[in-house]
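The primary structure of each chain is shown beneath.
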Amino acid sequence: MALRTIIKIPDPLLKTVSTPVDKVDADVLALLDDMLETMYAAPGIGLAAVQIAEAKRLVVIDVVRDDEPKQPMYFINPEVVWTSEETAIYEEGCLSIPDIYEEVERPAECRVRYLDREGTAQEIECSGILATCILHEIDHLNGVLFIDHISRLKRERIQKKFAKAKKLEGAD
Ligand code: NI
């Protein structure tokens, strides 16, 4: 396992659509392990492969609290097959948009189809923080960020802040 660098906005890769994995092989499993290690170290509760500059449809999640045993979840080629009409609002953040937190409204429940680490098709019913987290991560696979769900005014303010930070980095 290896710690990987998490890319930040305005990296254009974060706006790209990730490619499905056609075979769950050793490379894919190694990538999932790197993603999990990187997510825990950040720390965060979810990470999409594109956030470590690998535009593949892979997601890792662990939403259990810090004082409870770790419960890593791996999703290969996840696909939302159902969402509830009922919505929920959570304050979201993103490892690719550090230190920014905004309320986002999403479906309160969803069902997701995916391949597990053995390459077997699975389906999971999600609610609460897991529903929000998995919808946030699957958005990443489609080049969508949580700030795309907030007001344009707020989004542009955040984008400007990160564009400026990048310019300053480039200056030294
Ligand atoms: Ni994110």
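Use the structure listed above.
Attention in this report is confined to the structure presented alongside it. All of these numbers come straight from a predicted model, not from anything done at the bench.

Comments concerning the packing of aromatic side chains
- Scanning the entire structure with this criterion turns up one aromatic pair.
- An angle of 70° between the planes, with centres 4.7 Å apart, marks the rings of Phe75 and Tyr114 as edge-to-face. Note that Phe75 is positioned in strand β3 (residues 73–83) and Tyr114 in strand β6 (residues 109–115), a separation of 39 residues in sequence.
- The class for Tyr114 is buried, based on a relative accessible area of 14%.
- Of note, Lys70 hangs over the ring of Tyr40, and the distance from its end group to the ring centre comes to 4.8 Å.

Quick word on the pattern of salt bridges
- Within this structure, the stated rule accounts for 13 salt bridges.
- One salt bridge connects Asp34 with Arg4, and the closest N-O pair in it is separated by 2.8 Å. Within this pair, whereas Asp34 is found in helix α1 (residues 26–41), its partner Arg4 is found in the segment before α1, the two being separated by 30 residues in sequence.
- As a salt-bridge pair, Glu54 and Arg4 come within 2.6 Å of each other at their nearest N and O atoms. Separated by 50 residues along the polypeptide, Glu54 in the loop between β1 (46–48) and β2 (58–61) and Arg4 in the segment before α1 bring together distant segments of the chain.
- Classification of Glu54 as partly exposed rests on a relative accessible area of 22%.
- Residue classification places Arg4 among the partly exposed positions, given a relative accessible area of 27%.

Regarding the coordination of the nickel ion
- The coordination sphere of the nickel ion, as far as protein atoms go, consists of Cys94 (SG), His136 (NE2) and His140 (NE2), spread over 2.1 to 2.3 Å.
- Every donor residue of the nickel ion comes from the same chain, spaced as C-x41-H-x3-H. Of this pair, His136 and His140 both sit in helix α2 (residues 128–141), four residues apart, roughly one helical turn.
- Looking at His136, the relative accessible area reads 6%, which means it is buried.
- Accessibility expressed as a relative area gives 0% for His140, which makes it buried.

Structural notes on the layout of surface pockets
- Quantified by volume, the largest pocket comes out at close to 460 Å³.
- Lining the largest pocket are 22 residues, and of these Gly44, Gly93, Cys94, Leu95 and Tyr101 lie nearest its centre.
- Contributing elements (two or more residues each) for the lining of the largest pocket: β4 (87–94), β5 (97–107) and α2.
- Here the residues of the lining of the largest pocket are counted per class, giving 12 nonpolar, six polar and four charged.
- Considered as a void within the structure, the second largest pocket measures approximately 260 Å³ in volume.
- Every residue lining the second largest pocket is listed: Tyr40, Pro43, Gly44, Ile45, Asp62, Val63, Val64, Arg65, Asp66, Glu68 and Lys70.
- Broken down by class, the residue content of the lining of the second largest pocket amounts to five nonpolar, one polar and five charged.

Quick notes on the rules
- Residues numbered from 1 in each chain as written.
- Predicted model: local features only at pLDDT ≥ 70, side-chain atom pairs only at ≥ 80, totals over all residues.
- Heavy atoms only, no water.
- Phe/Tyr/Trp six-rings, centres within 6.5 Å; stacked < 30°, edge-to-face > 60°.
- Helix = DSSP H or I, 4+ residues; strand = E, 2+ residues; numbered from the N terminus.
- Buried < 20%, exposed > 50% of the residue type's maximum accessible area, 1.4 Å probe, protein only.
- Lys NZ or Arg CZ within 6 Å of the ring centre and 35° of its normal.
- Salt bridge = Lys/Arg side-chain N within 4 Å of Asp/Glu carboxyl O.
- Donors = N, O, S within 2.8 Å, 3.2 Å for Na, K, Ca; no water.
- 1 Å grid on protein atoms, 1.4 Å probe; cavity = no way out; pocket = protein on both sides within 12 Å on 5 of 7 lines; lining within 4 Å.
- Points joined across faces, edges and corners; volume = space filled by probe spheres on them.
- Nonpolar A, V, L, I, M, F, W, Y, C, P; charged D, E, K, R; others polar.

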